Amino acid sequence: MVKISRLTILPLFLAFALMLSGCRKDNGDDLSDDDIIKRVVKEHANLSTYRDNSTATMTYTTANPYTVVKQSKLVYSGDGRFRYEYYEVGKPDTKYIIHRDANMKVTSWWDVTDVLKEYDSLEEPLAAATGVSDGTAFIVPALLLPDEFDGHNSFKTLTRIERGEDEVIDGKACYLITGYNIFDDLCSIYILKDTYLIRRYADSHKYETFDFERVIDFHPEINVTISDSEFLFGTI
């Protein structure tokens with residue numbers, strides 16, 4: 001029988017422990033909330049292209065509960081082209097388009113006013129659309145365009161930020177970052193582990209006469225070929 005000395009076992013044990021430690025880091029177990037947020041910011045700022053279709057679902061709990069659903073689509077290219085559109089499902093004349101072409105010309109159009117406006121940058125029209133879009137005009141665009149938003153993004157609007165329990169959404173592992181907004185409402189941001197893209201945003205608020213809950217689901221694609229037609233002002 002082969003005898004193994006303690007001097008032999010100790011290095012093997014240490015090597016095994018280091019291997020396990022390395023595995024935990026690869027899985028993100030040792031990442032802090034700040035580590036994850038910094039990676040999210042970095043990844044979004046270095047994309048060649050980005051495309052997503054998102055659905056914002058707002059639930060109003062009253063004596064007569066109802067739900068509002070808003071759909072949006074965003075396409076972005078590192079060459080400067082950008083197009084964002086949202087509309088409220090089942091409600092006509094709610095389409096809002098924000099567009100920047102290859103020559104950096106920025107325009108917006110809203111069904112409600114039927115007015116075509118021009119801007120010096122994307123920040124102003126996106127800020128104007130943030131409220132009516134229930135946040136989809138800000139959450140991802142602010143990460144894609146950090147210079148135009150002076151580094152301001154959804155994470156920087158929160159206080160008491162923490163890392164929550166990891167979750168799985170539609171079979172995809174996600175980090176969870178939580179924090180509180182200026183109204184002291186708990187906000188949850190779910191981040192895909194494999195790409196560090198935003199997968200879901202959720203928050204809620206209790207008013208005197210009703211409760212409000214919002215869930216925004218993003219379905220992002222990155223560094224994919226996006227046809228020129230998707231960047232045209234008048235197409236969906």
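Reference entry: report on the structure contained in this document. (Residues numbered from 1 in each chain as written. Predicted model: local features only at pLDDT ≥ 70, side-chain atom pairs only at ≥ 80, totals over all residues. Heavy atoms only, no water.)

Thoughts on the overall build of the chain
- Helices and strands together make up the secondary structure of the chain, namely 4 helices and 12 strands.
- The proportion of buried residues among the 236 residues of the chain is 41%.
- A sequence separation of at least 24 residues applies to 45% of the contacts in the chain between residues at least 6 apart.
- Per element, the accessible surface of the chain, about 13,400 Å² overall, is 54% carbon and sulfur. (Helix = DSSP H or I, 4+ residues; strand = E, 2+ residues; numbered from the N terminus. Buried < 20%, exposed > 50% of the residue type's maximum accessible area, 1.4 Å probe, protein only. Contact = heavy atoms within 4.5 Å. Areas by Shrake-Rupley, 256 points an atom, 1.4 Å probe, with all protein chains shown as cover.)

Here we look at the nonpolar core
- By size, the foremost hydrophobic cluster in this structure holds 49 residues, and its most contacted members are Phe82, Ile191 and Ile198.
- Among the elements that make up this core, the one with the highest residue count is strand S10 (residues 186-192) (5 residues).
- Each residue touching Ile198, except ones within four places of it in the same chain, is listed here: Val40, His44, Ile139, Leu143, Phe155, Ile189, Tyr190, Ile191, Phe218 and Pro220. (Core = buried A, V, L, I, M, F, W, Y, C linked by side-chain atoms within 4.5 Å.)

Some words on helix H3 (residues 123-130)
- Burial in H3 covers these residues: Pro125, Leu126 and Ala129. All buried residues of H3 project into a common sector of 100° when viewed along the axis, lining one side. (Arc of directions from axis to C-beta.)

Section: the side chain of Glu85
- Structurally, Glu85 is set in strand S3 (residues 82-88).
- Polar side-chain contacts of Glu85 include one of 2.7 Å to the side chain of Arg83. (Polar contact = N/O pair within 3.5 Å; in protein donor to acceptor, adjacent residues only side chain to side chain.)

Overview of the pairing of strand S2 (residues 66-77)
- Where strand S1 (residues 49-61) meets S2, 12 bridges bridge the pair, whose relative direction is antiparallel. Residue Thr55 lies in a different strand from S2, and its bridge partner there is Gln71.
- Linking two consecutive strands that pair antiparallel, namely S1 and S2, is a turn of 4 residues.
- Where S2 meets S3, 7 bridges bridge the pair, whose relative direction is antiparallel. Counted as the bridge partner of Leu74 is Tyr84 from S3. (Pairing = 2+ DSSP bridges.)

Here's the deal with the pairing of strand S4 (residues 96-100)
- Most of S4 sits inside the fold, with 5 of its 5 residues counted as buried.
- In S4, alternate side chains face the same way, and those of Tyr96, Ile98 and Arg100 on one face and Ile97 and His99 on the other are all buried.
- As paired elements, S3 and S4 share 5 bridges and run antiparallel to each other. When the sheet's bridge partners are listed, Tyr84 is paired in S4 with Ile98.
- As defined by bridge partners, S4 adjoins strand S5 (residues 106-110) across 5 bridges and the pair is classed as antiparallel. Counted as the bridge partner of Ile98 is Ser108 from S5.
- Following S4, the chain reverses through 5 residues before pairing antiparallel with S5; Met104 in that reversal takes a positive phi of roughly 70°.

Here we look at the environment of Phe138
- Mapped onto the elements of the fold, Phe138 is located in the loop between H3 and helix H4 (141-144).
- Non-local contacts of Phe138, meaning those with residues more than four positions away in its chain, are made with Thr130, Phe149, His152, Asn153 and Ser154.

Some details on the packing of aromatic side chains
- With the rule as written, the count across this model stands at 8 aromatic pairs.
- One aromatic cluster is present, built from ring pairs that chain together Tyr60, Tyr66, Tyr207, Phe210 and Phe212.
- Directly above the aromatic system of Tyr180 lies the positively charged group of Arg160, at a separation of 4.0 Å from the ring centroid. (Phe/Tyr/Trp six-rings, centres within 6.5 Å; stacked < 30°, edge-to-face > 60°. Lys NZ or Arg CZ within 6 Å of the ring centre and 35° of its normal.)

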